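Survey of secondary and tertiary structure
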Amino acid sequence: MDGFKRRLKDSLQFRLSLTLSISILSIAIVAGFFAFYTAFDEAHELQDDVLRQVATLFDRHGLNPPDKGDAGNESDSEKESRVFVQIVSPNINDNAKNGLPTLLPLPTTLADGMQTVIAGSENYRVFVKKLSTGQRLAVAQETDIRDEIAYESSLRTLMPFLILIPVLLLVVADLIRKIFKPITTLSREIDSRGDQELHPIPVEPLPSEIIPFVGAINRLLARVELSVGVQRRFVADAAHELRSPLTALSLQGERLANAEMSVNARERLATLRHGIDRTKILLEQLLTLAKVHAETERIRTNVSLQKVYRRVLEDALPLAESKHIDIGVTSSTDFNICANEVDLIVLVKNLVDNAIRYTPENGRVDLSIVTGKNEASLVVEDNGPGIPESEWHRVFDPFYRIPGNHEIGSGLGLSIVNAIVSHLGASIHLGFTNKTQLSGLRVAVTFRSTNR
Ligand SMILES: Nc1ncnc2c1ncn2[C@@H]1O[C@H](COP(=O)(O)OP(=O)(O)O)[C@@H](O)[C@H]1O
Ligand SMILES: [Mg+2]
């Protein structure tokens, strides 16, 4: 019951469906009762009219009452239309004396007009009419039969309601579902958006009642976009401003290294220079992330992925060789992606850089291209420790590094990769190179054929 109440309170669709269904049912029940009783009454009135007409007929044509019921032929099959016609005499034995039939033991004191009387064990509806001959004619019909006929014809008036109610309920259910469909579609569209997709929601196909609400969301999106832009520009400007003093610091450190100094001082200088190098990497990555996030559309051309691999490998080879890592491209197929070349190079460079850094010495890093029917993937895999599945969703967060990581890094590499991937409309999947031992990181960036 609690669940029902909560649904009633929370769901507009449920409330509307329930209210409309109850209203339809209540109106239908009231209308049904009304129709039934009106039809029942009318059927009785019609039957009374028949009795009156029979009496008038007998009077007008001077007919004698038949010696059986039904004013003519009586048969069991036509019991429903049975009508009794007889003369009401002041004394019950007068009929016999006058050679008139007595079909029903009607009271001799019957008044003229329509009435309901008990004759024998049955109830009868009787119409008594004074004939032009001075005799009083009674036309009677069993009330049970009259009620049965009236009941059956009244039931028939309920048929349209019985058909209409389910049809109406189905129409209402369908209508409500259709009315709420734009909202469902809208929430699906918003849910499928990436973090950076702050463009306004199109109001075009929406019903006018929802447009003000969507308008408010759009204004909020615009404000969020503005403030995100301001923050990004601040980060980019700050990184840019820090670049020159840091370069100067790095130069001073280099010069200082050439000077005479004690072993202790040299050790401290090495730590200092290491710190400066880390900060330089962090600043470079920050600037790259700011550039990737910048709204300005960068020039896109058809870029060969093999060419991008070659460019990245050239830069990565010294680091790979220093760790005796076997790095290379394992597939000969190529495919072109419509993208900004620098973006693609930055993407692959970050993946390759991670693969070399996090793979132990004498390891292996493979770059390949996997083409499918409507898609193609660039794949970078290594035989290092890999990333535990529980961390897959977090490693894309800016500055997030897996605890216990001693490599130099900023925690921004995969954020940059992710930003480029969503900018290109591609998708990224992490996995294991060795699925049985759950080791080695395998990163696949998949481009749909529209990207090619
Ligand atoms: N090839 C890989 N093998 C193992 N761990 C990885 C690999 N690539 C990334 N990671 C983990 O994911 C974290 C985030 O990577 P990234 O965003 O590039 O930041 P960074 O490399 O600067 O630490 C890294 O700190 C590392 O722990
Ligand atoms: Mg990295």
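These figures come from a predicted structure and were not determined experimentally.

Further remarks concern the environment of Ile428. Mapped onto the secondary structure, Ile428 falls in strand S10 (residues 427-434). Sequence separation between Ile428 and Val445 is 17 residues; the distance between their C-alpha atoms is 4.5 Å.

Counting across every chain of the model gives 14 salt bridges. The salt bridge partner of Lys307 is Glu341, with a shortest N-O separation of 3.5 Å. You can see Lys307 sitting in helix H7 (residues 305-322) and its partner Glu341 sitting in helix H8 (residues 341-358), a full 34 residues away along the chain. Among the ionic pairs, Glu381 bridges to Arg442, the shortest N-O distance being 3.6 Å. Placement of Glu381 in strand S9 (residues 375-382) and of Arg442 in strand S11 (residues 439-448) is noted, with a sequence separation of 61 residues between them. The exposure class assigned to Glu381 is buried, which follows from its relative accessible area of 18%. Residue Arg442 is classed as partly exposed on the basis of its relative accessible area, which comes to 27%. Because the salt bridges share partners, they merge into one network encompassing Asp48, Arg125 and Arg146.

So, about the packing of helix H2 (residues 12-61) against helix H4 (residues 143-191). One can describe the packing of H2 onto H4 by two numbers: an axis separation of 8 Å at closest approach and a directional angle of 160°. It follows from the interaxial angle that H2 and H4 lie roughly antiparallel. When the axes of H2 and H4 are compared, the crossing they make is right-handed. Residues that form the contact of H2 with H4 fall into these classes: 25 nonpolar, nine polar and four charged.

Moving on, we come to the sheet that holds strand S1 (residues 84-88). If you walk across this open sheet you meet the four strands as S1-S4-S3-S2, and the pairing is antiparallel. The open sheet has two edge strands with one neighbour each: S1 and strand S2 (113-119). Recorded for the sheet is a direction-independent mean angle of 35° between the axes of neighbouring strands. Where S2 and strand S3 (residues 122-130) come together, seven bridges link them in antiparallel fashion. Looking across to S3, one finds that Ile118 is bridged to Asn123. Relative to S3, H2 is tilted by about 40°, and along the sheet it contacts S1, S2, S3 and strand S4 (136-142). The strands touched by H4 within the sheet are S2, S3 and S4, with S4 carrying the most contacts at an inclination of about 55°.

A word on H8. Over its 18 residues, H8 extends 26 Å from the first C-alpha to the last, a length consistent with the 26 Å expected when each residue adds 1.5 Å. Of all the positions in H8, only Asp343, Leu344, Ile345, Val346, Leu347, Val348, Asn350, Leu351, Val352, Asn354, Ala355 and Ile356 are classed as buried. Measuring from the backbone nitrogen of Val342 back to the side-chain oxygen at the start of H8 gives 3.1 Å, which picks out Asn340 as the cap.

Attention now goes to the site of ligand 1. Taken together, 18 residues lie around ligand 1, and Tyr358, Arg401, Asn405, Gly411 and Leu414 are the ones closest in. Note that an oxygen atom of ligand 1 is positioned 2.7 Å from one of the side-chain N or O atoms of Tyr358. For ligand 1, whose free accessible area comes to 530 Å², the fraction covered by protein is 95%. If one sorts the elements of the shell around ligand 1 by residue count, H8 sits on top with three residues. Residue composition of the shell around ligand 1, by class: nine nonpolar, seven polar and two charged.

This part covers the side chain of His293. For His293, the location among the structural elements is in helix H6 (residues 263-293). Under the relative-accessibility criterion, His293 is labelled buried at 17%. Apart from the residues lying within four places of it in its own chain, the contact partners of His293 are Gln196, Arg232 and Ala419.

Before going further, it helps to examine the UniProt feature "transmembrane region" (unreviewed entry) in the protein chain. Taken from the UniProt record, the annotation "transmembrane region" (unreviewed entry) applies to residues 12-37 and 158-176. Between the C-alpha atoms that bound residues 12-37 there is a distance of 37 Å. The span itself is 100% helix and 0% strand. Spanning residues 158-176, this segment combines 100% helix with 0% strand, and its end C-alpha atoms are found 27 Å apart.

If you trace the five strands from one edge of the open sheet to the other, you get S6-S8-S9-S11-S10, paired in mixed fashion. Where the open sheet ends on each side, the last strands, each with one partner, are strand S6 (326-329) and S10. For this sheet, the mean inter-axis angle between neighbouring strands, taken without regard to orientation, is 20°. Direction of pairing for S10 relative to S11: antiparallel, over a ladder of seven bridges. Paired with Ile428 across the two strands is Val445, which belongs to S11. On top of the sheet, H7 reaches S6, strand S8 (364-371) and S9; it is set at about 170° to S6, its chief contact.

Calculation rules
- Every chain is numbered independently, its residues counted from 1 as its sequence is written.
- The order in which chains are written sets their letters, starting at A; the order in which ligands are written sets their numbers, starting at 1.
- Thresholds applied to this predicted model are a pLDDT of at least 70 for local features of residues and 80 or more for the giving and counting of side-chain atom pairs; totals over whole chains, interfaces and linings are not thresholded and use all residues.
- Note that water and hydrogens are dropped before the side-chain values are worked out from all heavy atoms of the structure.
- Put simply, DSSP marks the helices as runs of H or I at least four residues long and the strands as runs of E at least two long, and each gets a number from the N terminus on.
- The term salt bridge refers to a pairing of a side-chain nitrogen on Lys or Arg with a carboxyl oxygen on Asp or Glu at a separation within 4 Å.
- In this scheme, a residue with accessible area under 20% of its type's maximum is buried, one over 50% is exposed, and one in between is partly exposed, where area comes from a 1.4 Å probe on protein chains only.
- Axes here mean lines fitted to C-alpha atoms, for a helix over just the part in contact, with angles spanning 0 to 180 degrees between N-to-C directions.
- Comment on the angle field: the value is read as roughly parallel under 35 degrees, roughly antiparallel over 145, roughly perpendicular from 65 to 115, and oblique elsewhere.
- Left-handed is the label given to a crossing in which the near helix is rotated counterclockwise from the far helix by less than a right angle, and right-handed is the label when the rotation is clockwise.
- Each residue is assigned to one class: nonpolar for Ala, Val, Leu, Ile, Met, Phe, Trp, Tyr, Cys and Pro, charged for Asp, Glu, Lys and Arg, and polar for all the others, Gly among them.
- Paired strands are those between which DSSP finds at least two bridges.
- We call two residues contacting when some pair of their heavy atoms lies within 4.5 Å.
- Helix span is expected to be 1.5 Å times the residue number reduced by one.
- Polar contact is defined as a pair of N or O atoms within 3.5 Å, subject to the rule that within protein one atom must be able to donate a hydrogen and the other to accept it, and that residues adjacent in sequence are counted only when both atoms are side-chain atoms.
- Residues are labelled near a given molecule or strand when at least one of their non-hydrogen atoms is within 4 Å of it.
- Under the convention used here, a 1.4 Å probe and the Shrake-Rupley method define accessible areas, while residue burial counts only the protein chains that appear.
- UniProt positions are given in the numbering used here, feature names are shortened, and annotations may be inferred rather than shown by experiment.

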